[in-house]
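Descriptive structure summary
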Amino acid sequence: MKNRTVILVILLLSLTVCALSPIPGTNVHDFANILNNDYLLDSRIETLYQKTGVEMAVVTVPDLDNQSIEKYAVKLFEDWGIGKKREDKGLLLLISLEPREMRIEVGYGLEGALPDSFVGINLQQLVGPALANNDISGLVEFVGVLEERIIQQGDTATIPDSQNINNITRYEDEESRNPLGGIILFVVIALLVILDFRFTGGMIVGAILNSMLRGGSSRSGGSRKSSGRNRYGGGGRSGGGGASGKW
Amino acid sequence: MGGRGVFAITMKKGTIVLLVIIGILVLVGISFVGGYNNLVTLNESVDAQWGQVENQLQARYDKIPNIVATVQGYASHEKEVFQSIADARSRLAGATTVDEQVAASNQVESALARLLVVVENYPNLKADAQFNQLIYELSGTENRIATERMRYNQAVQDYNSRVKRFPTVLLANMFGYGPRTYFEAAAGAEVAPQVQF
């Protein structure tokens, strides 16, 4: 019984890590309901993905939880894992309604092709007015400008044959390095667990699970997503590159 | 139910106790090895993350002369600000330890902040296309520093809490793993500088 509670608590903790989840089946996540005709933008981003392999998310939020838009963007980028792990070729256009701010966050892998000044000036010229006039075409154009530059700089990402490749979790490498050792360890542990349950009613296992729960694992979660077509969850990261502005 | 009966009959009580003790010892051994490896990994990731911070500090260092030159073109008589930037920059160049680098980079940060205040008085400068570009690059770099600093501090926190916690604290003392220092940002440096156009 005790163990079941422990497992339940672990599950609950992993749920609370990511408050905002991507809407499945689209590239535009309009949580603040400010974008009209967002299918235009969605299909433009889909074209960008098919041409360059670069994943882009447009996210609108009602507010920023009292954080700077820069911090919010970095966290959201990492939570969703936009772009593939290590390649880190993802883009996040974050728009907040209150305050009226916007930010284009550039993944590590695209910082070379998309310098801050380039994205900043285009953000100011195309996205700002578009938002103020409630006109989606500026955002569509912005995606086009970024796409052109990425192709021109030859900085495209690999396009996977199958979308399933996105299911890789962040710790995949560390876990699958030595399968034989892992199997032996598993068998030994399984035996010990069986012995423990037979003779002490699972006291030792319970204690270990307990200490593991208290002992960190603070960086788990985040990159694991499993609903609908997996656009994100590849584990891509950004390092604060990009530009912000007001609208 | 039948399985339990067979198990109890075929094993003597002494053997069972022995097995349980061996089991506990193996578990303790595994958790110690795991704890040690974990410590090494966390320590390495602190180092790696500090490398990321250093890269960005270097990037800022390299951008300063361009910014200063552009501002000087419009505001050559603001000598005090330029001097403080030059001082901070050379202090950063001479810094070797993490603590020195942190102090020097905070000094650079506040000197640059003062420069941006000065800039507000020169509308012509603010309209300069090249300056515009430089400011985007500068605030981008500041934001990158803030991001990598945050990740560095996270790595230090993960590592430190592991070092101080039982039973890893025994291993840490045995192998000489002490707590690492945080990168404390200068007051008010949480937000990247922005010039309003």
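Keep in mind it's a predicted model, so treat the numbers as computed, not measured.

1. A word on the overall build of chain A
Scanning chain A for helices and strands turns up 8 helices and 5 strands. Written out in order from the N terminus, the α and β elements of chain A read α-β-α-β-α-β-β-α-α-α-α-α-β. Put simply, chain A has 247 residues, and 48% of those count as buried. By element, 58% of the accessible surface of chain A is carried by carbon and sulfur atoms, the whole surface being about 12400 Å².

2. A few points about unusual backbone geometry
For residues that are not glycine, phi is negative in most cases, and the peptide bond is trans in most cases. Residue and element names in this part refer to chain A. In this structure, P99 follows E98 across a cis peptide bond, with omega equal to 5°. Mapped onto the secondary structure, P99 falls in the loop between β3 (90–96) and β4 (101–107). You will see that N33, though not glycine, has its phi angle at about 55°, which is positive. Checked against the element boundaries, N33 lands in the loop between β1 (28–30) and α2 (38–52). Note on N33: relative accessible area 67%, which makes it exposed. Although it is not a glycine, D88 adopts a positive phi angle of roughly 55°. Along the chain, D88 turns up in the loop between α3 (69–80) and β3.

3. Concerning the interface of chain A and chain B
Facing the 35 residues of chain A at the interface are 29 residues of chain B. At the junction of chain A and chain B, the tally comes to 3 salt bridges. A salt bridge links R144 of chain B to D116 of chain A, with the shortest nitrogen-to-oxygen separation between them at 2.8 Å. Where chain A packs against chain B, one counts 10 residue pairs in polar contact (both at pLDDT 80 or more). Elements with a minimum of two residues in the side of chain A that touches chain B: α3, α4 (116–132), α7 (179–200), α8 (203–214) and β5 (238–246) of chain A. For the side of chain A that touches chain B, the class distribution of residues is 12 nonpolar, 12 polar and 11 charged.

4. Some details on the confidence of the model for chain B
In the predicted model, chain B carries a mean pLDDT of 84, and 88% of its residues have values of at least 70. Mean pLDDT values over the elements of chain B span from 54, in helix α1 (residues 2–10) of chain B, up to 90, in helix α6 (residues 129–164) of chain B.

5. Observations concerning the packing of helix α3 (residues 79–94) of chain B against helix α4 (residues 98–119) of chain B
All names here are of chain B. At a minimum axis distance of 8 Å, the contact between α3 and α4 shows a crossing angle of 160°. By the angle class used here, α3 and α4 are roughly antiparallel. When you trace α3 past α4, the crossing you get is left-handed. Counting all contacts with α3, which are made through V81, F82, S84, I85, A88, R89, R91, L92 and G94, the residues of α4 involved are E100, Q101, A103, A104, S105, Q107, V108, A111, L112, R114, L115 and V118. Tallied by class, the residues present in the contact of α3 with α4 amount to 12 nonpolar, 5 polar and 4 charged.

6. Some details on the pairing of β5 of chain A
Residues and elements named next belong to chain A. Burial of β5 is extensive: 8 of the 9 residues sit out of reach of the surface. By the bridge criterion, 7 bridges tie β4 to β5 in an arrangement that is antiparallel. Residue pairing across strands places R103 opposite S244, the latter belonging to β5.

7. Observations regarding the pattern of salt bridges
All names here are of chain A. Summed over all chains, the structure comprises 15 salt bridges over all chains. A salt bridge links K89 to D155, with the shortest nitrogen-to-oxygen separation between them at 3.0 Å. Taken as a pair, K89 in the loop between α3 and β3 and D155 in the loop between α5 (137–152) and α6 (172–175) lie far apart in primary sequence, 66 residues in all. The same class applies to K89 and to D155, which are both buried.

8. Overview of the environment of S31 of chain B
Residues and elements named next belong to chain B. Tracing the sequence through the fold places S31 in helix α2 (residues 13–74). With relative accessibility at 43%, the residue S31 sits in the partly exposed group. Once the C-alpha coordinates of S31 and T168 are considered, the two residues, 137 residues apart in sequence, prove to be 9.5 Å apart. Within polar-contact distance, the side chain of S31 engages the backbone oxygen of V28 at 3.0 Å.

9. Some remarks on the side chain of Q56 of chain B
Locating Q56 of chain B in the fold gives a position in helix α2. Those residues within four positions of Q56 of chain B in sequence are excluded, and the remaining contacts are T141, R144, I145 and E148 of chain B.

10. Things to note about the sheet that holds β3 of chain A
Residues and elements named next belong to chain A. What the 5 strands build is an open sheet, ordered β1-β2-β3-β4-β5; its pairing is mixed. With one partner strand each, in any of the chains shown, β1 and β5 form the two edges of the open sheet. On average, each strand axis in the sheet is inclined to that of its neighbour by 15°, with strand direction left out of account. Bridge count between strand β2 (residues 55–61) and β3: 7 bridges; the pairing is parallel. By the bridge assignment for β3, V58 is matched with L93. Here α4 sits on the sheet and contacts β3, β4 and β5; the angle it forms with β5, its principal contact strand, is near 40°.

11. So, a nonpolar patch on the surface
A grouping of L180, I184 and V188 of chain A together with L18, I22 and V26 of chain B is seen on the molecular surface, where their side chains present a nonpolar patch of about 520 Å² in accessible area. Among the secondary structure elements, those contributing two or more residues to the nonpolar patch are α7 of chain A together with α2 of chain B. Note that L18 of chain B resides in helix α2. Residue L18 of chain B is classed as exposed on the basis of its relative accessible area, which comes to 52%.

Calculation notes
Residues numbered from 1 in each chain as written. Chains lettered and ligands numbered in written order. Predicted model: local features only at pLDDT ≥ 70, side-chain atom pairs only at ≥ 80, totals over all residues. Heavy atoms only, no water. Helix = DSSP H or I, 4+ residues; strand = E, 2+ residues; numbered from the N terminus. Buried < 20%, exposed > 50% of the residue type's maximum accessible area, 1.4 Å probe, protein only. Areas by Shrake-Rupley, 256 points an atom, 1.4 Å probe, with all protein chains shown as cover. Contact = heavy atoms within 4.5 Å. Salt bridge = Lys/Arg side-chain N within 4 Å of Asp/Glu carboxyl O. Polar contact = N/O pair within 3.5 Å; in protein donor to acceptor, adjacent residues only side chain to side chain. Nonpolar A, V, L, I, M, F, W, Y, C, P; charged D, E, K, R; others polar. pLDDT = per-residue confidence, 0-100. Axes fitted to C-alpha atoms, helices over the stretch in contact; angles between N-to-C directions. Parallel < 35°, antiparallel > 145°, perpendicular 65-115°, else oblique. Left-handed = near helix turned anticlockwise from the far one by under 90°. Pairing = 2+ DSSP bridges. Patch = residues over 30% accessible without salt bridge, like charges linked within 9 Å, V, L, I, M, F, W, Y side chains within 5 Å.

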